[in-house]
Amino acid sequence: MPAVVIVGAQWGDEGKGKATDLIADRIDYVVKFNGGNNAGHTVVIGDEKYALHLLPSGILTPGVTPVISNGVVIDPEVLMEELDALDARGIDVSKLVISSHAHVITQYHRTLDRVTERFLGKRQIGTTGRGIGPTYADKINRVGIRIQDIFDEGILRQKVEGALEQKNHLLVKIYNRRAIEVDEVVTELLSYADRLRPMVHDTALLLHQALEDDKVVLFEGGQATMLDVDHGTYPFVTSSNATSGGAATGSGIAPWRLSRVIGIIKAYTTRVGSGPFPTELEDESGEWLRQRGSEFGTTTGRPRRTGWYDAPIARYSARINGVTDFVLTKLDVLTGLEKIPVCVAYEVEGQRVEEIPWSQSDFHHAKPVYEYFPGWEEDISGARSFEDLPDKAQSYVLALEAMSGARMSAIGVGPSRDAIIQRHSLLD
Ligand code: GDP
Ligand code: IMO
Ligand code: MG
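Fair warning: this is a prediction, and the values are worked out from it, not measured in the lab.

## Details of the overall build of the protein
Right, so step 1: If you tally the helices and strands in the protein, you get 13 helices and 20 strands.
Right, so step 2: By the compact-globule yardstick of 22 Å for 428 residues, the protein fits well, its C-alpha radius of gyration being 22 Å.
Right, so step 3: Evaluated residue by residue, the protein yields a buried proportion of 59% over its 428 residues.
Right, so step 4: Nonlocal contacts in the protein, meaning residues at least 24 apart in sequence, comprise 75% of its contacts between residues at least 6 apart.
Right, so step 5: When the accessible area of the protein is evaluated, it comes to approximately 17700 Å², of which 49% is carbon and sulfur surface.
Right, so step 6: For the protein, the separation between the mean place of its 45 positive charges and that of its 59 negative charges on side chains is 3 Å.

## Thoughts on the site of ligand 2
Right, so step 1: Lys16, Asn38, Gly40, Thr128 and Thr238 are the nearest of the 20 residues found near ligand 2.
Right, so step 2: A distance of 2.9 Å separates an oxygen atom of ligand 2 from a polar backbone atom of Asp13.
Right, so step 3: When ligand 2 is considered free in solution it has 550 Å² of accessible area, and contact with the protein chains removes 97% of it.
Right, so step 4: Judged by the proximity of its atoms to the pocket grid, ligand 2 belongs to the largest pocket.
Right, so step 5: Residue-level mapping places the shell around ligand 2 at the junction of two domains, with at least three residues from each of domain 1 (3-93 + 202-422) and domain 2 (103-197).

## Describing helix α5 (residues 153-174)
Right, so step 1: The first and last C-alpha atoms of α5 sit 30 Å apart over 22 residues, in line with the 32 Å expected at 1.5 Å per residue.
Right, so step 2: Its axis deflected by about 30° at Leu164, α5 carries its strongest bend there.
Right, so step 3: Leu156, Val160, Ala163, Leu164, Lys167, Asn168 and Leu171 are the residues of α5 that are buried.
Right, so step 4: Buried residues along α5 sit in contact with α3 (107-120), α4 (132-140) and α6 (182-190).
Right, so step 5: Phi for Asn176, located one or two positions after α5, is positive at around 65°.

## Considerations on the coordination of the magnesium ion (ligand 3)
Right, so step 1: Here the magnesium ion (ligand 3) is held by the protein donor atoms Asp13 (OD) and Gly40 (O), which lie 2.0 Å from it. Pair noted here: Asp13 is in the loop between β1 (3-8) and α1 (16-23) and Gly40 is in the loop between β2 (29-32) and β3 (41-45), with a separation of 27 residues, a long-range link.
Right, so step 2: Residue Gly40 is classed as buried on the basis of its relative accessible area of 16%.

## Side note on the nonpolar core
Right, so step 1: Grouped together as the largest cluster of nonpolar side chains are 57 residues, with contacts concentrated most on Phe219, Tyr309, Leu331, Leu334, Leu389 and Tyr396.
Right, so step 2: Non-local contacts of Leu334, meaning those with residues more than four positions away in its chain, are made with Ala267, Tyr268, Trp288, Leu289, Trp308, Ile340, Trp376 and Tyr396.
Right, so step 3: Leu52, Val72, Val93 and Ile180 belong to the second largest nonpolar core, which has 43 residues in total.

## Thoughts on the packing of α3 against α4
Right, so step 1: Interaxial distance between α3 and α4 falls to 7 Å at its minimum, and their mutual angle equals 120°. As for the relative orientation of α3 and α4, their crossing is right-handed in sense. Taken together, the residues of α4 that come into contact with α3 (itself represented by Tyr108, His109, Leu112 and Asp113) are Ile132, Pro134, Thr135 and Asp138.
Right, so step 2: Looking at the contact of α3 with α4 residue by residue, the class counts come to four nonpolar, two polar and two charged.

Procedures and definitions
- Residues numbered from 1 in each chain as written.
- Chains lettered and ligands numbered in written order.
- Predicted model: local features only at pLDDT ≥ 70, side-chain atom pairs only at ≥ 80, totals over all residues.
- Heavy atoms only, no water.
- Helix = DSSP H or I, 4+ residues; strand = E, 2+ residues; numbered from the N terminus.
- Rg over C-alpha atoms; globule rule 2.2 N^0.38 Å.
- Buried < 20%, exposed > 50% of the residue type's maximum accessible area, 1.4 Å probe, protein only.
- Contact = heavy atoms within 4.5 Å.
- Areas by Shrake-Rupley, 256 points an atom, 1.4 Å probe, with all protein chains shown as cover.
- Lys, Arg positive; Asp, Glu negative; His and termini not counted.
- Charge placed at Lys NZ, Arg CZ, Asp CG, Glu CD.
- Near = heavy atom within 4 Å.
- Polar contact = N/O pair within 3.5 Å; in protein donor to acceptor, adjacent residues only side chain to side chain.
- 1 Å grid on protein atoms, 1.4 Å probe; cavity = no way out; pocket = protein on both sides within 12 Å on 5 of 7 lines; lining within 4 Å.
- Sits in = over half its atoms within 2 Å of the grid points.
- Domains from an automatic or database assignment.
- Expected span 1.5 Å × (residues − 1).
- Bend = angle between axes of the 7 residues up to and from the residue.
- Donors = N, O, S within 2.8 Å, 3.2 Å for Na, K, Ca; no water.
- Core = buried A, V, L, I, M, F, W, Y, C linked by side-chain atoms within 4.5 Å.
- Axes fitted to C-alpha atoms, helices over the stretch in contact; angles between N-to-C directions.
- Left-handed = near helix turned anticlockwise from the far one by under 90°.
- Nonpolar A, V, L, I, M, F, W, Y, C, P; charged D, E, K, R; others polar.

Next comes the structure, spelled out in structure tokens:
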């Protein structure tokens with residue numbers, strides 16, 4: 001039985017929750033394997049709208065066991081708030097399982113995220129300010145705090161002391177901030193211990209057993225391919241592996257178990273924060289897309305940068321992730337355009353290049369080469385089969401499919417859960 005991965009194919013906010021929803025009634029486990037509360041998933045169910053940051057969107061499906069695995073960084077305060085908020089709305093969150101190996105975001109990580117960004121000035125990344133980068137940096141630097149440390153006061157104190165010894169020098173001498181007290185951090189983290197304890201397990205073992213028992217496990221990636229720390233537009237990326245390989249290392253299951261890789265891709269492109277974005281529109285059509293697509297960040301409320309569909313990015317994502325199926329979202333947003341530009345290649349220093357250049361400087365200077373496709377006027381939000389779409393919308397999807405490196409198995413035509421056209425099953 002399948003272990004399925006969902007990944008963002010662009011720069012995030014592709015509507016990953018929508019794909020989760022499509023197969024939710026068939027899944028037994030949903031796993032968040034990377035990132036932390038930098039993610040923002042908006043899921044609309046009937047009249048209810050849920051904004052999730054740390055928890056995987058699969059938590060909204062009754063009967064599913066949500067798992068936060070080792071690759072995630074957890075801000076315990078945010079975790080408790082998010083659980084309480086869902087609980088208050090009648091969502092059963094009692095099954096949540098958390099890896100003992102996941103790293104903990106503390107007060108000093110959040111502070112460092114903000115002050116380092118400020119010091120970068122023009123070169124700033126535009127992070128979400130949630131402490132993500134500094135927490136992963138500590139993990140790689142082997143000075144991180146893990147969830148299991150919260151259950152051993154002696155170890156916890158030792159580790160926090162070790163970390164703060166360095167960081168307080170930085171905070172005080174370089175960044176001109178006050179020093180952070182060891183006690184303050186330790187006391188706060190210990191205050192979560194009793195509530196956390198029953199949730200913490202060896203999630204790698206749990207998932208291994210689930211797969212051995214033929215359960216369906218969905219790995220829900222946060223962020224996206226172009227924000228991946230290895231494969232994205234470094235340094236304008238997040239600090240984790242948001243691509244499909246991250247599902248294996250971020251959860252401890254074997255790579256060969258992943259039988260399907262679903263790439264979520266918008267019918268146009270958006271990006272939050274700094275960094276290259278070849279098809280970006282800084283004119284009124286960019287604003288039109290932003291308004292029509294409600295492109296404002298779920299986590300920070302920032303207006304998202306907007307631009308046309310970029311096929312080299314789609315092909316790159318298809319390759320890096322091994323995408324078996326794309327879910328094309330927000331096709332409805334394009335309704336009403338007379339013609340729709342699609343970037344089919346780039347021009348770099350006068351030369352046409354078909355794929356993303358390996359040099360970041362070249363990518364910064366890449367100019368999109370556009371092909372234009374005829375638009376449609378009809379409201380498509382009620383379409384539930386491919387044939388329900390106007391001919392021109394069908395042609396647009398087929399053209400994207402032909403140049404994107406994998407089949408377009410489902411098409412989103414509106415924000416609500418059921419506003420989707422399914423062309424091929426995402427599981428069988
Ligand atoms: P995520 O970060 O990938 O989970 O995506 P976000 O939740 O940040 O952003 C996607 C937004 O698009 C959400 O507000 C969804 O409700 C909305 N959305 C998803 N699919 C569609 C679609 O097909 N059409 C429209 N109009 N909105 C959609
Ligand atoms: P979802 O899961 C869009 C961006 C930030 C910034 C960069 C680094 O909703 O698709 P970080 O706080 O992670 O160190 O910021 O990554 N970013 C996202 N952009 N959607 C997200 O998540 C993002 N998570 C991080 O804007 O440019
Ligand atoms: Mg989002």
